[in-house]
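In case you want the letters, here they are:
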Amino acid sequence: GTIAAIFLYTTFVNMTERPEGLKIASIFIATIICTSLVSRVLRSTELRVRGVEPDDTATAFIETAARFGAIRIIANRPDKGDLAEYEHKLSEARDSHHLAKDQPVLFLEVRPGDASEFSEVLRVQGAEVEGHRILRCQSPAIPNAIAALLLYLRDTTRVIPHAYFGWTEGNPIAYLLKFLVFGKGDTAPVTREVLRQTEEDPELRPRIHV
């Protein structure tokens, strides 16, 4: 204990009398942090998905939806996964976006994955709950995964998909920071920005409704 106290005291005295080392170390640390943040911001709106691989069930859902001339996707934050959840989400979407009752829709659920991963193959699984058809996948960056799937739907079906979101309650700045750190937050505007940067032609860009 005495040796440790002497060491700490000596270190403190050296830092006080010769602060140059502390300043250099502080600048170095600040530079690393700033560089990491800038890199994270620049990467946040990249597509980040190398490919999309739907299973047989998901493929069947997509092909069936495309026959109606428009693929309509309702983004859903996964919860219990029971009938009441999808009925409520569908009712909410039809009321907010004026979707016709006879218009078929697909639910899309993206669960957060390892945020340290940069690019990946998006594996999509199809599931059905009491007649509601759901596309499920996992990704470290949820908006990027949604954008990649929408572009995949467009390219494989030659139909422009429409994705429907609700505004997230809360401070948008806080959600932006949450997205930069954890890859999730206010999904709709980030998804739209990823699409805008990936597809230059607005006529060919999947539609985002909020």
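Residues numbered from 1 in each chain as written. Predicted model: local features only at pLDDT ≥ 70, side-chain atom pairs only at ≥ 80, totals over all residues. Heavy atoms only, no water.

### What about the overall build of the chain?
- Within the chain, the secondary structure is distributed over seven helices and seven strands.
- Helices and strands in the chain line up, N terminus first, as α-α-β-α-β-α-β-β-β-α-β-α-α-β.
- Taken across its 210 residues, the chain has 39% of its residues classed as buried.
- Sequence-distant contacts, at least 24 apart, represent 74% of the contacts inside the chain between residues at least 6 apart.
- As displayed, the chain has an accessible area near 12,700 Å², and 57% of this comes from carbon and sulfur atoms. (Helix = DSSP H or I, 4+ residues; strand = E, 2+ residues; numbered from the N terminus. Buried < 20%, exposed > 50% of the residue type's maximum accessible area, 1.4 Å probe, protein only. Contact = heavy atoms within 4.5 Å. Areas by Shrake-Rupley, 256 points an atom, 1.4 Å probe, with all protein chains shown as cover.)

### Brief notes about the nonpolar core
- Ile71, Ile73 and Leu135 are the most contacted members of the largest nonpolar core, which totals 34 residues.
- When residues of this core are traced back to their parent elements, those giving at least two are β1 (49-54), α3 (56-66), β2 (71-75), β3 (106-112), β4 (120-129), β5 (132-139), α5 (142-157) and α7 (187-198).
- With nine residues, the single largest contributor to this core is α5.
- The contact partners of Ile71, leaving out residues within four places of it in the chain, are Ile62, Ala65, Ala66, Leu106, Leu153, Thr157, Val159, Ile160, Pro161 and His162. (Core = buried A, V, L, I, M, F, W, Y, C linked by side-chain atoms within 4.5 Å.)

### Some words on the environment of Thr191
- Locating Thr191 in the fold gives a position in helix α7.
- Judged by relative accessible area, which is 0%, Thr191 ranks as buried.
- When the C-alpha positions of Thr191 and Leu47 are compared, they lie 9.5 Å apart, and in sequence the two are 144 residues distant.
- What Thr191 contacts, discounting residues up to four positions off in sequence, is Pro143, Ile146, Ala147, Phe165 and Ile208.
- A distance of 2.9 Å separates a polar atom in the side chain of Thr191 from the backbone oxygen of Thr187. (Polar contact = N/O pair within 3.5 Å; in protein donor to acceptor, adjacent residues only side chain to side chain.)

### Remarks on the environment of Trp167
- Position of Trp167 among the secondary structure elements: in the loop between β6 (161-164) and α6 (172-182).
- Sequence spacing of Trp167 and Asp186 is 19 residues, and the spatial spacing of their C-alpha atoms is 7.5 Å.

### Quick word on the pairing of β6
- Residues Pro161 and Ala163 line one face of β6 and the alternating positions His162 and Tyr164 line the opposite face, and both faces are buried.
- Sheet analysis places β2 next to β6, joined by four bridges and oriented parallel. In the sheet register, Arg72 faces β6, and the bridge partner there is His162.
- Direction of pairing for β6 relative to strand β7 (residues 207-209): parallel, over a ladder of three bridges. Residue pairing for β7: His162 is matched across the bridge by Arg207. (Pairing = 2+ DSSP bridges.)

### Digging into α3
- For α3, the set of buried residues is Ala58, Phe61, Ile62, Ala65 and Ala66. The arc that holds the buried residues of α3, viewed along the axis, is 130 degrees, so those residues lie on one side.
- The secondary structure elements touched by the buried residues of α3 are β1, β2, β3, β4, β5 and α5.
- If you check the start of α3, you find a side-chain oxygen 3.3 Å away from the backbone N of Thr57, and it comes from Asp55. (Arc of directions from axis to C-beta.)

### With respect to the side chain of Glu85
- Relative to the elements of secondary structure, Glu85 occurs in helix α4 (residues 83-97).
- Here Glu85 sits buried without a salt bridge, and the closest side chain of opposite charge, Arg136, lies 7.1 Å off (N-O distance).
- Within the structure, Glu85 has its side chain in polar contact with the backbone nitrogen of Gly81 (distance 2.5 Å).
- Filtering out sequence-adjacent residues up to four positions away, Glu85 remains in contact with Asn76, Arg77, Pro78, Asp79, Lys80 and Glu109. (Lys, Arg positive; Asp, Glu negative; His and termini not counted. Salt bridge = Lys/Arg side-chain N within 4 Å of Asp/Glu carboxyl O.)

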